[in-house]
Amino acid sequence: MARPEKHIFICGQARPPGHPRGSCADKGAADVLQAFQQQFEQQGFWGRFGLTSTGCLGVCDAGPAVLVYPEGVMYGKVTKADVDEIIKEHLLGDKPVERLQVPADLW
Ligand code: FES
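Here the structure is a predicted model, which means the values were calculated and not measured. (Residues numbered from 1 in each chain as written. Predicted model: local features only at pLDDT ≥ 70, side-chain atom pairs only at ≥ 80, totals over all residues.)

The sheet contact formed by strand β1 (residues 6-11) and strand β2 (residues 49-54) spans six bridges and is parallel. Opposite phenylalanine 9, over in β2, you have threonine 52 as the bridge partner. Assessed by its sense of winding, the connection that carries the chain from β1 through helix α1 (residues 29-43) to β2 is right-handed. (Pairing = 2+ DSSP bridges. Helix = DSSP H or I, 4+ residues; strand = E, 2+ residues; numbered from the N terminus. Right-handed = clockwise from strand over helix to strand, strands pointing away.)

Structure, rendered in structure tokens:
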């Protein structure tokens, strides 16, 4: 497999109900992953970009968390409605979406 131009990591961590850190799974991470997968299919991104569901990325308060490399940009509180913008602006346009980035004191 060739190295992808960019790689998207989506936190899919689940935790038991009432856990103090909560989890991205509880906040809709599966919907975000599914929206990315649909766009990857429709736009033929497989092989060009990477898409991986991960465990905790460390910014649980800001979940669902989405991390994009090689830039190392962490997005927080991502919803499926944000996916098209991340793809258009960041993946294809090389301009990270500022409004979705987690605060610097978090990550
Ligand atoms: S549970 Fe998703 S960042 Fe920690």
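Cis geometry is found at the peptide bond from glycine 63 to proline 64, where omega equals 0°. Cis geometry marks the peptide bond from tyrosine 69 to proline 70, where omega comes out at 20°. By the secondary structure assignment, proline 70 is in the loop between β3 (66-69) and β4 (73-75). Phi is positive for lysine 77, close to 50°, though the residue is something other than glycine. Checked against the element boundaries, lysine 77 lands in the loop between β4 and α2 (83-92). One non-glycine residue, aspartate 94, lies in the positive phi region at around 65°. Inspection of the secondary structure assignment puts aspartate 94 in the segment after α2.

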